[in-house]
Amino acid sequence: MANMIDLIEKSEVTGDFPKFQIGDTLRVFFKIKEGDKERVQVFEGVLIGERGGSNKRAITVRKISFSHGVERMFPLASPRIEKIEIAQTGYVRRAKLYYLRDLRGKKARIRERQDYKKGKDLSTAQVNAAK
Amino acid sequence: MTMGIMATKLGMTQIFIEEGVRVPVTVLKMDPNFVVSKKTMEKDGYTALQLGFGQIRAKLVNKPTKGHFQKANVEPTRFLSEFRVDEKELANYEIGAQIGLEFFEGVLSLDIAGVSKGKGFAGVMKRHNFAGFPASHGTHETFRHGGSIGMRAQPGKVLKGKRMAGHMGDELVTMKNLRVIRIMAEENLILVRGAVPGSKGKVVEIKVSTRKPKALPGVGGATLEEASKNPMKASKAGAKGAGGKKK
C-alpha cells in the first residue's frame with residue numbers, strides 16, 4: 001500500500017516549472033504575506049543546489065544583495081511559489097555550487113550554456129522559447 | 001467512553017496546507033470496520049462494541065471463529081477488537097453494521113494507539129535517555145553505562161523502579177491529540193499530523209481525542225469553528241486533488 005503515499009506525494013507536486021539546471025539564474029516569484037495583504041516578491045539568483053525528489057524537491061538560490069550573499073531555499077511543492085523563470089542558463093560541472101560562497105565579483109561568474117551538443121545544454125534563449 | 005476504530009498505518013510523508021505551511025503527516029488507511037458483536041450490561045457486566053477489521057483468507061479462519069462471524073452476518077476479518085461504549089451509544093450501532101470514514105466527521109484531533117517498534121534489549125542511554133560517560137578524559141570502558149544504582153549499607157538494596165537496561169519497544173503506546181490534517185474519502189485515507197506508533201502496515205486503534213485540538217503552527221484553528229474555516233477546507237480540496245485531478 002506504499003503506493004498510496006506516492007500518490008499523495010505526486011498530488012502535492014502541482015507547480016509547472018521550466019526545466020532548469022544547476023548554474024542557471026532563476027527568478028522565483030514567491031507570495032509573501034504582509035499583515036492582511038499578499039504580494040509577490042521576486043527572488044533572482046543563481047541556482048546553486050537542488051535536493052529531494054517528488055514533493056520534497058527543493059532548490060537553493062543564491063544572490064548578492066547589497067554586497068551580502070543571500071541564499072534562500074524554496075520547496076517546490078509550496079503553494080506560495082507562483083512561478084519560476086529562467087533568467088539565464090549557466091554552464092557548470094558540479095551539482096552543488098557551494099564554492100560560489102567563497103568567491104566575489106568577477107570570479108563568481110558562470111559561463112552561459114551553449115548549444116554545441118545537439119539536444120543537450122540549451123542556452124537561455126532556447127530554453128525560453130521551448131516553454 | 002469514546003468509541004474507537006481500527007486502521008492500518010501506511011507510512012509518513014509531508015504535505016503543504018493552504019497557507020503554505022509544510023506539515024509532517026502519517027497516512028492511515030481506514031478500511032471498513034464491522035460491528036461483530038456487542039457486550040451488554042445484562043450479559044457481560046459492561047458495554048462495548050466488538051469490531052472486526054482487515055481481510056483474511058477464508059482458509060485461515062477456524063470453525064468456531066467462522067461461526068462467531070456468521071452470527072453477525074459479517075465476512076471474517078483478521079483483527080477483532082473491543083471498544084468501550086456507553087449504554088446509550090451502544091443502541092446506535094447494529095450488529096453487522098459497517099463503520100467508515102463518517103466516524104471522523106467534524107473531528108479535529110485523535111488519540112492513536114499502536115504497538116511500538118521493538119528495540120530489543122536496550123541500554124540505559126537509548127532506553128531512558130541517560131547521558132553516559134565522557135568520551136575522553138580517562139573514561140575507561142564505561143562509555144554507555146548508567147553509573148551508580150544505589151547508596152551504601154543503608155538502604156543496602158537497589159530501590160524498586162530503578163531505571164536500568166532491558167527490553168524496549170514492542171508495547172502499546174498511545175499518541176494523544178494528533179491533529180487531523182486531511183481526509184481522503186475516495187481512497188479511505190486519513191492524514192494525521194505527526195508520528196504514530198508502530199511500523200508500516202501495522203494496525204492502530206483510533207479514538208476521538210478528549211483533549212482540545214492543538215492549533216497548527218502558522219495556521220491556528222484551535223477551535224472547531226476556526227478550523228472549519230481553514231484546514232478543513234484544505235482537506236476537501238485535497239480529497240479532490242488527490243484523485244489524480246489537479247487542485
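This one's a predicted model, so the numbers in the text were calculated from it and none came from an experiment.

(A) Summary view of the overall build of chain A. Scanning chain A from terminus to terminus reveals two helices and five strands. The helix and strand sequence of chain A, counted from the amino end, reads α-β-β-β-β-β-α. Across the 131 residues of chain A, 36% fall into the buried class. Considering only contacts in chain A between residues 6 or more positions apart, those separated by 24 or more positions represent 52%.

(B) Spatial organisation of the confidence of the model for chain B. In the predicted model, chain B carries a mean pLDDT of 84, and the fraction of residues at 70 or more is 87%. When the criterion is pLDDT under 50, residues 222-247 of chain B qualifies, and its contacts beyond four places in sequence or with other chains add up to 45 contacts.

(C) Main features of the sheet that holds strand 10 (residues 172-184) of chain B. All names here are of chain B. One closed barrel holds the six strands; their spatial order is 1-2-11-10-7-12, and the pairing between them is antiparallel. For this sheet, the mean angle separating the axes of adjacent strands, direction not counted, is 50°. Here strand 7 (residues 109-115) runs beside strand 12 (residues 203-208); their pairing, made up of four bridges, is antiparallel. Looking at the pairing, A113 lines up with E205 of strand 12.

(D) Molecular detail of the nonpolar core. Among the nonpolar cores identified, the biggest contains 29 residues, and M3(B), I5(B), L51(B), F104(B), I112(B), I190(B) and I206(B) are the most heavily contacted of them. At the level of secondary structure, the elements contributing two or more residues to this core comprise strand 1 (4-17), strand 4 (48-53), strand 7, strand 10, strand 11 (189-193) and strand 12 of chain B. Look past the residues within four positions of F104(B) in its chain and what remains in contact with it is I5(B), M30(B), L110(B), I183(B), I190(B) and I206(B). Counting residues in hydrophobic clusters, the runner-up holds 20 residues, among them I22(A), I81(A), L97(A) and L100(A).

(E) Broad picture of a negative patch on the surface. Residue and element names in this part refer to chain B. Together, E42, D44, D86 and E87 make up a negatively charged patch on the protein surface. Along the chain, the position of D44 falls in helix 1 (residues 41-44). By relative accessible area, D44 is classed as partly exposed at 31%.

(F) Layout of the confidence of the model for chain A. Per-residue confidence for chain A averages 84 on the pLDDT scale, and 85% of its residues sit at or above 70. Averaged pLDDT values over the elements of chain A bottom out at 67 in helix 2 (residues 124-130) of chain A and peak at 93 in strand 3 (residues 58-65) of chain A.

(G) Representation of the side chain of S116(B). Residues and elements named next belong to chain B. On the secondary structure map, S116 appears in the loop between strand 7 and strand 8 (120-122). Since its relative accessible area comes to 16%, S116 is described here as buried. Each residue touching S116, except ones within four places of it in the same chain, is listed here: G169, D170, E171, V173, P197 and G198.

(H) Region of the structure containing the interface of chain A and chain B. Counting residues at the interface gives 16 residues for chain A, matched by 23 residues for chain B. Both faces considered, chain A and chain B share a buried interface measuring about 1600 Å² in area, 67% of it formed by carbon and sulfur atoms. Contact with chain B buries surface across chain A, with I5(A), I8(A) and E12(A) losing the most and accounting together for 32% of the total. For the pair chain A and chain B, the number of links is one salt bridge. One salt bridge connects R182(B) with E12(A), and the closest N-O pair in it is separated by 3.5 Å. Taken together, the links from chain A to chain B amount to five residue pairs in polar contact (both at pLDDT 80 or more). Counting residues per element, the side of chain A that touches chain B draws most heavily on helix 1 (residues 2-12) of chain A, at seven residues. Class assignment for the residues of the side of chain A that touches chain B results in eight nonpolar, four polar and four charged.

(I) Structural context of the pattern of salt bridges. Under the criterion given, the structure shown has 10 salt bridges over all chains. A salt bridge links K83(A) to E85(A); the shortest N-O distance between them is 3.4 Å. Using a relative accessible area of 37% as the deciding quantity, one classes K83(A) as partly exposed. For the salt bridge of D31(B) with K29(B), the shortest nitrogen-to-oxygen distance reads 3.7 Å. Among the residues examined, K29(B) registers a relative accessible area of 12% and is labelled buried. What emerges from the salt-bridge pattern is a single network uniting R27(A), E44(A), K83(A) and E85(A).

(J) Spotlight on the sheet that holds strand 6 (residues 98-99) of chain B. Residues and elements named next belong to chain B. Read from one edge of the open sheet, four strands run 5-4-3-6, paired in antiparallel fashion. The two strands at the open ends of the sheet, each matched to only one other strand, are strand 5 (79-84) and strand 6. Two strands pair when backbone bridges link them, and strand 3 (residues 33-39) and strand 6 are joined in this way by two bridges, in the antiparallel orientation. When the bridges of strand 6 are listed, F34 appears paired with Q98. Most of the contacts of helix 2 (residues 63-72) go to strand 3, to which it runs at about 95°, and overall it touches strand 3, strand 4 and strand 5.

(K) Quick look at the pairing of strand 3 of chain B. All names here are of chain B. The element strand 3 is extensively covered by neighbouring structure, given that five of its seven residues are classed as buried. Where strand 3 and strand 4 come together, five bridges link them in antiparallel fashion. Across the sheet, F34 pairs through a bridge with G52, a residue of strand 4.

Thresholds applied
- Starting afresh in each chain, residues are numbered from 1 along the sequence in its written order.
- Both sets of labels track the order of writing: A upward for chains, 1 upward for ligands.
- For this predicted model, a pLDDT threshold of at least 70 governs which residues receive local features, and a threshold of 80 or more governs which side-chain atom pairs are given and counted, while totals over whole chains, interfaces and linings are taken from all residues.
- Think of the side-chain values as coming from all heavy atoms in the structure, minus any hydrogens and water.
- Numbered from the N terminus, helices here are DSSP runs of H or I no shorter than four residues, and strands are runs of E no shorter than two.
- Throughout, exposure labels follow a simple rule: accessible area from a 1.4 Å probe, protein chains only, divided by the maximum for the residue type, with under 20% read as buried, over 50% as exposed, and the rest as partly exposed.
- What makes two residues a contact is simply this: any of their non-hydrogen atoms within 4.5 Å.
- Confidence of the predictor at the level of single residues is captured by pLDDT, which takes values from 0 to 100.
- Strands qualify as paired when DSSP identifies two bridges or more between them.
- To get an axis, fit a line to the C-alpha atoms, keeping to the stretch in contact for a helix; angles then go from 0 to 180 degrees between the N-to-C directions.
- We call a set of buried residues a nonpolar core when its members are Ala, Val, Leu, Ile, Met, Phe, Trp, Tyr or Cys and they connect through side-chain atoms within 4.5 Å of each other.
- Every patch collects residues that have over 30% relative accessible area and no salt bridge, joining them within 9 Å if they carry like charges and within 5 Å if they are nonpolar side chains (Val, Leu, Ile, Met, Phe, Trp, Tyr).
- Here, Shrake-Rupley sampling with a 1.4 Å probe gives the accessible areas, and only protein chains in the shown set may cover a residue.
- Any carboxyl oxygen of Asp or Glu that lies within 4 Å of a side-chain nitrogen of Lys or Arg is treated as forming a salt bridge with it.
- Positive residues here are Lys and Arg, negative ones are Asp and Glu, while His and the chain termini are left out of the count.
- A single reference atom marks each charge: NZ on Lys, CZ on Arg, CG on Asp, CD on Glu.
- By convention, the term buried area covers the 1.4 Å-probe accessible surface removed from two parts as they join, with the contributions of both added.
- Distance and chemistry together define a polar contact, namely a pair of N or O atoms within 3.5 Å, with one atom able to donate a hydrogen and the other to accept it when in protein, and with adjacent residues in sequence counting only for side-chain atoms on both sides.
- Only Asp, Glu, Lys and Arg are considered charged, only Ala, Val, Leu, Ile, Met, Phe, Trp, Tyr, Cys and Pro nonpolar, and every remaining residue, Gly among them, polar.

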